[in-house]
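Survey of secondary and tertiary structure
Listed here are the chains, written in short residue letters.
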Amino acid sequence: MAILRKDLIRELRTREMIISMILFVLLAMVIFHYAFSVKEDADLTYFTGGMLWVTFIFAMLLGLNRSFAQEKDERCLDGLLLCPVDRVTIFLAKTAGNLVFLLIIQVVAVPVFTLFFVSRSYVGDLVPFLIVMLLADVGICALGTLLATISMNTRSRDLLLPIIFLPLIVPVLIAATGATTLIFAEGAGFGDLLARVLFLLGFDAVFLVAAYGTYDFAIGE
Amino acid sequence: MKQLVSAPVLFVGAGIFLVTGLLLAFLYAPIDASTMGYSQKIFFYHAPIAETALVAFGVAFVAAILYLRSQDPRWDRLGVVSVRLGLVFSLLVMATGMIWGKAAWGTWWDWEPRLTTFLLVCFLYVAYFVLRSVVEEEQRRATFAAVFSIIAFIDVPITFFATRFLPAGMHPTVITMGGTGMPGSMFVSFFISMIGMTLLLVALIRRDLAVEELKDRVADLKNSIGG
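Throughout this description, residue numbers start from 1 for each chain and increase along the sequence as written. For this description, chains carry letters from A and ligands carry numbers from 1, given in the order in which they are written. Note on the predicted model: pLDDT of at least 70 is required for a residue's local features to be given, and 80 or more for side-chain atom pairs to be given and counted; whole-chain, interface and lining totals, by contrast, use all residues. Processing note: side-chain calculations cover all non-hydrogen atoms of the structure and skip hydrogens and water entirely.

Notes on the overall build of chain B
Secondary structure is summarised from DSSP: a helix means a run of H or I of at least four residues, a strand means a run of E of at least two, and numbering begins at the N terminus for each. Looking only at helices and strands, chain B has six helices and zero strands in total. Order of helices (α) and strands (β) in chain B, N terminus to C terminus: α-α-α-α-α-α. Across the 227 residues of chain B, 46% fall into the buried class. Surface accessibility of chain B: about 11300 Å² in total, with carbon and sulfur atoms responsible for 71%. The buried label applies to any residue whose accessible area, calculated with a 1.4 Å probe on protein chains only, is under 20% of its type's maximum; exposed applies above 50%, and partly exposed to all values in between. Surface accessibility in these figures is a Shrake-Rupley result with a 1.4 Å probe; residues are shielded only by whichever protein chains are displayed.

Description of helix α6 (residues 126-152) of chain A
Between the first and last residue of a helix there are one fewer steps than residues, each counted as 1.5 Å, and that sum is the expected span. Taking 1.5 Å per residue, 27 residues should reach 39 Å; α6(A) reaches 37 Å between its end C-alpha atoms and fits that length. α6(A) sits mainly inside the fold: 21 of its 27 residues count as buried.

As for the environment of L91(B)
Residues and elements named next belong to chain B. As for its placement among the helices and strands, L91 is situated in helix α3 (residues 73-105). Take L91: its relative accessible area is 51%, and that puts it in the exposed class. As a C-alpha pair, L91 and C122 span 31 residues in sequence and 7.1 Å in three-dimensional space.

Topic: the confidence of the model for chain A
For every residue, the predictor states its confidence as a pLDDT score lying anywhere from 0 to 100. Summarising the model, chain A shows a mean pLDDT of 82, and 88% of its residues fall at 70 or more. Mean pLDDT across the elements of chain A bottoms out in helix α1 (residues 2-14) of chain A (68) and peaks in α6(A) (90).

A look at the interface of chain A and chain B
Contacts were defined at the residue level, with two residues in contact if any of their heavy atoms lie within 4.5 Å. In this assembly, 28 residues from chain A lie in contact with 28 residues from chain B. For the chain A and chain B pair, buried surface summed over both sides reaches about 2500 Å², with 79% attributable to carbon and sulfur atoms. Salt bridges are identified by distance alone: a Lys or Arg side-chain nitrogen within 4 Å of an Asp or Glu carboxyl oxygen. Run the count over chain A and chain B and you get one salt bridge. Linking R155(A) and E136(B) is a salt bridge whose minimum nitrogen-to-oxygen distance equals 2.3 Å. N or O atoms within 3.5 Å of each other form a polar contact, as long as, within protein, one can give a hydrogen and the other can take it, and as long as residues adjacent in sequence are counted only when both atoms are side-chain atoms. In this structure, the connection of chain A to chain B is made through three residue pairs in polar contact (both at pLDDT 80 or more). Those elements that place two or more of their residues in the side of chain A that touches chain B are α6, α7 (160-186) and α8 (190-218) of chain A. No other element matches the ten residues that α8(A) contributes to the side of chain A that touches chain B. Buried area counts how much accessible surface, traced with a 1.4 Å probe, disappears from two parts once they are put together, with both parts' losses summed.

Some remarks on the nonpolar core
One finds F113(A), I140(A), Y125(B) and F148(B) to be the most contacted residues of the largest nonpolar core, which totals 119 residues. Discounting chain neighbours no more than four positions away, the residues touching F148(B) are L147(A), I164(A), L168(A), L124(B), A127(B), Y128(B) and L131(B). Core analysis: the next-biggest nonpolar cluster, separate from the first, contains eight residues, A25(B), F43(B), A47(B) and W100(B) among them. Here, nonpolar core refers to any group of buried Ala, Val, Leu, Ile, Met, Phe, Trp, Tyr and Cys residues whose side-chain atoms link them within 4.5 Å.

Let's talk about the packing of α6(A) against α7(A)
All names here are of chain A. In this analysis an axis means a line fitted to C-alpha atoms, helices contributing only their contacting stretch, and an angle means the value between N-to-C directions, from 0 to 180 degrees. The geometry of α6 relative to α7 is characterised by a closest axis approach of 10 Å and an angle of 180° between their N-to-C directions. By the angle class used here, α6 and α7 are roughly antiparallel. Residues P128, F129, V132, A136, G139, I140, L143, G144, L147, A148 and S151 of α6 form the contact with α7, whose own contacting residues are L160, L161, I164, F165, L168, I169, V172, A176, A179, T180, I183 and F184. Ten residues, namely Ala, Val, Leu, Ile, Met, Phe, Trp, Tyr, Cys and Pro, are considered nonpolar, four, namely Asp, Glu, Lys and Arg, are considered charged, and the remaining ones, Gly among them, are considered polar. When the residues that make up the contact of α6 with α7 are grouped by side-chain class, the tally is 19 nonpolar, four polar and no charged. To sort the angles, those under 35 degrees are grouped as roughly parallel, those over 145 as roughly antiparallel, those from 65 to 115 as roughly perpendicular, and the leftovers as oblique.

Quick word on the pattern of salt bridges
Residue and element names in this part refer to chain B. The final tally for this structure, using the stated rule, is nine salt bridges over all chains. A salt bridge links E213 to R77; the nearest nitrogen and oxygen atoms lie 4.0 Å apart. In this pair, E213 sits in helix α6 (residues 184-224) while R77 sits in helix α3, placing the two residues 136 residues apart along the sequence. What makes E213 partly exposed here is its relative accessible area of 39%. For R84, the salt bridge goes to E212, with nearest N and O atoms at 3.1 Å. One end of the pair, R84, is in helix α3; the other, E212, is in helix α6, and 128 residues separate them in sequence. We classify E212 as buried; its relative accessible area is 11%.

A word on unusual backbone geometry
Residues and elements named next belong to chain B. Here Q71, not a glycine, exhibits a phi torsion of approximately 55°, which is positive. Residue placement: Q71 occurs in the loop between α2 (43-70) and α3. What makes Q71 partly exposed here is its relative accessible area of 29%.

This is the structure:
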């Protein structure tokens, strides 16, 4: 808890990360717009789910790198490791911190992307949409935190993270993109999404357990 | 590890099984009734290779767990060796899969669950070596590699499951819950090829392990004479 609070306070004081992330999201939107508007009056509704998740995952890469780069540069991590807390607690706090970070990005990105790209209203599906998003977020953050811990302890640091993170996160991307596209484009009921929701739930459970088991080793001695 | 069977015997055994499997595939198993015809014969190579690649990653997974428990460098060596061989086999899966795809579906590549899964598997385990290459300290490298190897292996079935979500796969589902869906003669040929390929993997792991061990010893000796 204290670690999470520390990260949040630090973030609120400096604001550097949040502001650059919001800009990142808006710029991503502009870039996607020009990248995908290949035809006059093209309807991008079908692509919005994909765009969103691509944005989230790449933003997360940046966020993950930063969340550990700070610790490493100021040698805070050593201090954390000396604390009489379980390593797993550090993992959970870091994951929660990254989750907050991702949620802030999403609070900005989802309305903006919806406004510019989605041609139909999906207010009726808001609850399943939020469930899908939250479940996918947990998976992304848990796995991302574990892998970022490893990559921070290596020579190439932030270069390594995408290489090990992206192939592992593909299942989440598939499920989340599929579900959001269904919601945006076709107004899927909860029944249509059930398989994907269960899948995301399973993914989260599996990787939380896996991270729980291996984090001691990942963070190093 | 105890030398129950010597490596050459394993290689010869693998060779015998593989050749027998191949002969059976062409002479004994029926020509596929569907449009695939003769091109289906590559199945007797393609599927055993795929199975063997997964076995190799499974070995690496177990070795990783054992390494984390014991910190014994021997398990790390086994991990590296199996991942490397698994990767070679995976590339072969992709190659044979693409050849078969071209013959059967008329296209080299299709975003089909199994092929896609193997593509991601290749990326994953290439990343494994990238990860190893950027950590200098030996023990730390082995630990990180083990953690990654565990995570990666868990991810493989999940990826496969996820890719299945995508509609319109055109891979023939040969082994389903209800049975193999193969005529007996086909299954015998397939099974013998599978044994042969697995034996080949064991033989290769055995040989590579010996090589890695020698490398480590050479490095130790070099250090001890101050080279």
